[in-house]
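Structure assessment
Here's the letter readout for the chains.
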Amino acid sequence: MSATDQPTDEDLIARIGTGDREAFAALYRRRRADVYRFALFMSGSPATADDVTQDVFVELIDHAQRFRPGRASAVPWLFGIARNHVRRQRQRSRTSVSIGEADTRRAPQFAVQDDPVAGLARREHIEALRRAVLDLPVGYREAVVLCDLHELSYADAAAALDCAIGTVRSRLHRGRALLTARLRVADAALYPAPLPRGTP
Amino acid sequence: MTCASIASDLVDLARGLSPDAERARAIERHVRDCADCAARLDRERALSADMRRLADDTLAPPLDPTQEAAVLAAFDTAQMRSFGRSPKGSRSFLKRASAAVCVSGAVAAAIAWMLVRTSTTVARDDGGPLPSGSAPPSIGLIVEPPAVGSNVPSALAPHRRGNLAAPTTPIESTRFVLWPGADDLPTFESGHLVRMQLPATVVASMGLTPTSHVDVVEADVLVDQGGFARAVRLVP
């Protein structure tokens, strides 16, 4: 079967609504990683990401029939469910999330590095960025995670967040400005301060 | 064109989004002449590149067969529970389930009422206690557990009136079927069997069909620890 023969996410969700177990298994295998990464970026905790991923697909079982393909595509819809579960987890724990306090039972997975030294520097830099993302206010973090890390369009991110496109855009821009400011402290060479006006 | 007016465009450009051609040319001219905006565009591009690296470097753990099995088990459980669900969704299913529970409760109450009424008649007619080992069942299905195979109401049968007074006819035993609105008894939970006589119309509504035309049939009702009926079978 070629790639073009694969059913779309929307097709799978429609079949899940009719009780198709194979469709459910296929969607789980296809989108589990995306949901997990979204939850991990939002929570900073692999354990929470695991829980949220399970919760999202369990909720999907009962709510597949509520999916309206014309309103949003499947991935933003799943992210919208995941977002609610992350929020509930946050309300339950009532703890501030930072990488230092995050669950360390299983560290996030990283791609294989060819050059250990370069890989270490790169990893440190990426870790600084990861911490900066986790330290963003939730509203900005959601926009950054959806638009920059998951590369959703403004429209899809707006569907996931249930807000206007303009709101997503402004939150993303504000979030990126905060990220740049925080990374400037961590790595002045990569993120230099703006030059004084008129400086050549 | 001012620096503030193109701030959002610089972010979009760094993310690979392009404005329309005319605006793109105007932004390009502004950036060429404005060191602040040129530096900002560089920073935004560096940030976008780092975000892509962060995304690429953050992988989900490999598929865990245990987790997958748990999710699929949840799916199976949901499907079993919604066997009578309409396309409207789980809310409709809950309404149906509630209705089934109400109906089964009403049936059980009616049966209990008839049994209690019959036992009262027996006590009045005989003028003494019931024969040993033939204590009438209590209200509903919360019944003192007789041993399986005992025939609790049989001593009362000659005294029944109306439809319940019809003599029972031997029938083939059947497999257990779920009591309306009930789930299967979990494997870790014990239960007990209560043998009783039920109107044939009641068991027929559960999908059990007596082999002969009778008004009353003998049945074993599986009662869980909470006193609720879970399943029923016809017995010879």
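On a predicted model such as this, the values are computed, not experimentally measured, just so you know. Residue numbers run consecutively from 1 along every chain, following the written order of its sequence. Chains carry letters from A onward and ligands carry numbers from 1 onward, assigned in written order. Owing to the predicted nature of the model, reporting of local features is limited to residues with pLDDT of at least 70; listing and counting of side-chain atom pairs is limited to 80 or more, with chain, interface and lining totals taken over all residues. To obtain the side-chain values, all non-hydrogen atoms of the structure were included, while hydrogens and water were left out.

1. As for the nonpolar core
Joining through side-chain atoms within 4.5 Å is the link that ties buried Ala, Val, Leu, Ile, Met, Phe, Trp, Tyr and Cys residues into a set, and such a set is a nonpolar core. Accessibility here uses a 1.4 Å probe with only protein chains present; expressed as a share of the type maximum, an area under 20% marks a residue as buried, one over 50% as exposed, and anything in between as partly exposed. In this structure, A:Phe24, A:Phe57, A:Leu60 and A:Leu179 are the most contacted members of the largest nonpolar core, which totals 63 residues. Top element by residues in this core is helix α2 (residues 21-43) of chain A. It accounts for 12 residues. Contacts between residues were defined by any pair of non-hydrogen atoms, one from each residue, lying within 4.5 Å. Excluding its chain neighbours within four sequence positions, the residues that come into contact with A:Leu179 are A:Leu129, A:Ala132, A:Val133, A:Leu136, A:Val144, B:Leu47 and B:Met51. Counting residues in hydrophobic clusters, the runner-up holds 18 residues, among them B:Ala200, B:Val202, B:Met206 and B:Val214. The secondary structure listing takes helices from DSSP runs of H or I that are at least 4 residues long and strands from runs of E that are at least 2 residues long, numbered from the N terminus.

2. Brief notes about the packing of aromatic side chains
Any two of the Phe, Tyr and Trp rings considered here, Trp counted by its six-membered ring, make a pair once their centres fall within 6.5 Å; the pair's planes then place it as stacked at under 30 degrees, edge-to-face at over 60, or tilted in between. The full count for this structure, using the stated rule, is five aromatic pairs over all chains. Measuring from ring centre to ring centre gives 5.0 Å for A:Tyr28 and A:Phe57, while their planes differ by 80°; the resulting arrangement is edge-to-face. Here the residue A:Tyr28 occupies a position in helix α2, and A:Phe57 occupies one in helix α3 (residues 46-63), the gap between them amounting to 29 residues. Neither residue differs from the other here; A:Tyr28 and A:Phe57 are each classed as buried. Taken together through their ring pairs, the aromatic side chains of A:Phe24, A:Tyr28, A:Phe57 and B:Phe75 make up a single cluster.

3. Re the sheet that holds strand β4 (residues 229-234) of chain B
All names here are of chain B. Each pair of strands is called paired provided DSSP finds at least two bridges between the two strands. Sheet architecture is open: four strands sit in the order β1-β4-β3-β2, paired in antiparallel fashion. Strands with a single pairing partner mark the edges of an open sheet, and in this sheet they are β1 (177-178) and β2 (191-199). Alignment of strand β3 (residues 216-224) against β4, held across five bridges, turns out to be antiparallel. Counterpart to Leu222 in the pairing with β4 is Ala231.

4. Quick notes on unusual backbone geometry
All names here are of chain A. Even without being a glycine, Glu151 presents a positive backbone phi close to 55°. Phi at Asp162 takes a positive value of approximately 55°, unusual for a residue other than glycine. Following the sequence through the fold, Asp162 ends up in the loop between α7 (154-161) and α8 (165-186). By relative accessible area, Asp162 is classed as exposed at 68%.

5. Considerations on the packing of helix α4 (residues 74-93) of chain A against helix α6 (residues 138-149) of chain A
Residue and element names in this part refer to chain A. Here the axes come from fitting lines to C-alpha atoms, over the contacting stretch only for helices, and the angles between their N-to-C directions go from 0 to 180 degrees. Relative orientation of the contacting elements α4 and α6 amounts to 145°, with a least axis distance of 13 Å. Along this stretch, α4 crosses α6, giving a crossing that reads as right-handed. Residues Phe79, Arg83, Arg87 and Arg90 of α4 lie in contact with α6, whose contacting residues are Val138, Arg141, Glu142 and Leu146. Classification used: nonpolar for Ala, Val, Leu, Ile, Met, Phe, Trp, Tyr, Cys and Pro, charged for Asp, Glu, Lys and Arg, polar for all others including Gly. In the contact of α4 with α6, the residues fall into three nonpolar, no polar and five charged. In a left-handed crossing the near helix is turned counterclockwise from the far helix by less than a right angle, and in a right-handed crossing that turn is clockwise.

6. A short note on the interface of chain A and chain B
Frequently, the measure chosen for interface size is the accessible area removed from exposure when the parts meet. Taken together, the contact between chain A and chain B spans 55 residues of the former and 45 residues of the latter. The buried area of a pairing is the accessible area, by a 1.4 Å probe, that goes missing from both parts when the two are put together, added over both. Summed over both sides, the interface of chain A with chain B buries roughly 4,500 Å², with 57% coming from carbon and sulfur. Note on definitions: salt bridges are taken to be side-chain nitrogens of Lys or Arg within 4 Å of carboxyl oxygens of Asp or Glu. Where chain A meets chain B, there are five salt bridges. Note that A:Arg176 and B:Glu44 form a salt bridge whose closest N and O atoms lie 2.8 Å from each other. Under this definition, polar contacts are N or O atom pairs within 3.5 Å; protein pairs additionally need one hydrogen-donor-capable and one acceptor-capable atom, and for neighbouring residues in sequence, both atoms have to be side-chain atoms. Counting every contact that joins chain A to chain B gives 15 residue pairs in polar contact (both at pLDDT 80 or more). Element by element, the count of residues in the side of chain A that touches chain B is highest for α2(A), at 11 residues. For the side of chain A that touches chain B, the residue count by class is 29 nonpolar, nine polar and 17 charged.

It is worth stressing that arrangement in space is one thing and function is another; only the former is reported here.
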